[in-house]
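Structural characterization, general
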Amino acid sequence: MSKQDLIELEKAVKYFEKQLIKMYNPKNINEAYFSHLEDFYNGNFDEERFNFFMDKGALGILENLKNSKTFDKIWISLSTAVSELKDENGEPILNDPDNKKVIIINKYGDYQKCVKAATRNSAIIDYINFEINNPGFSIHLSARNLHQRLRAKDFDNDLIKLVITLGFYYEYIFWTNKQFVE
């Protein structure tokens, strides 16, 4: 990934962390990341959490990621990913039009390659592989798996913070915005 990509990603993480601190005050940032995963898989979505995912500032971050082309190095639409899937007879699997409202990790993107090359954390590598190999599968299941396998101290690692930020904040904001605003 380019230096500009890294700058954009750093802005995304910093913005998310500001939001986490507001949401999970008085927890420290590592505990807040951990609690965010827990709330995600438990389905704790009250009005405050809904507003957390409808945040206009986060939409601006997504727009910056798109404008800088960093977005495409991270995600593709579920529609695009599913269009590549074939059944046992080699026929394309039917694609739901709503799949354009969901983004998943781009299996050809630089992001997943960089993450896999930069970490030895098996939970993170397994998460990336699972998301790539099971497009559109439950994000809540992935949150549960990571919550069970990671500990708050694991969030001392900036790469783990980035993976959680992108996968469990910005991906969901993209979907939430497409579902409820457009």
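Preceding this paragraph is the structure being described.
First, a word on what this report is: a plain description of the structure on this page. (Residues numbered from 1 in each chain as written. Predicted model: local features only at pLDDT ≥ 70, side-chain atom pairs only at ≥ 80, totals over all residues. Heavy atoms only, no water.)

Time to look at helix H4 (residues 56–67). A rise of 1.5 Å per residue sets the reference length of H4, with its 12 residues, at 16 Å; its end C-alpha atoms lie 16 Å apart and thus fit the reference within 8%. By the burial criterion, the buried members of H4 are Ala58, Ile61, Leu62 and Leu65. Mapping the buried residues of H4 onto a view down its axis gives an arc of 100°, with all of them on the same face. Those residues of H4 that are exposed and aimed more than 90 degrees away from the buried face are Lys56 and Asn67. The backbone nitrogen of Gly57 has a side-chain oxygen 3.0 Å away, supplied by the residue at the start of H4, namely Asp55. One or two residues past the end of H4 sits Lys69, with phi positive at roughly 70°. (Helix = DSSP H or I, 4+ residues; strand = E, 2+ residues; numbered from the N terminus. Expected span 1.5 Å × (residues − 1). Buried < 20%, exposed > 50% of the residue type's maximum accessible area, 1.4 Å probe, protein only. Arc of directions from axis to C-beta. Polar contact = N/O pair within 3.5 Å; in protein donor to acceptor, adjacent residues only side chain to side chain.)

Here helix H8 (residues 122–133) spans 16 Å end to end across 12 residues, near enough to the 16 Å set by a 1.5 Å rise per residue. Among the residues of H8, the N-terminal cap falls to Asn121, whose side-chain oxygen and the backbone nitrogen of Ala123 are separated by 2.9 Å.

Once that is clear, we can look at the packing of helix H1 (residues 3–24) against helix H2 (residues 29–42). Interhelical geometry of H1 versus H2 gives an angle of 80° and a closest axis separation of 9 Å. Compared by their axis directions, H1 and H2 come out roughly perpendicular. The segment H1 lies against H2, with Val13, Phe16, Glu17, Leu20, Ile21 and Tyr24 engaging Ile29, Ala32, Tyr33, Ser35, His36 and Asp39. Grouping the amino acids of the contact of H1 with H2 by side-chain chemistry returns 8 nonpolar, 2 polar and 2 charged. (Axes fitted to C-alpha atoms, helices over the stretch in contact; angles between N-to-C directions. Parallel < 35°, antiparallel > 145°, perpendicular 65-115°, else oblique. Contact = heavy atoms within 4.5 Å. Nonpolar A, V, L, I, M, F, W, Y, C, P; charged D, E, K, R; others polar.)

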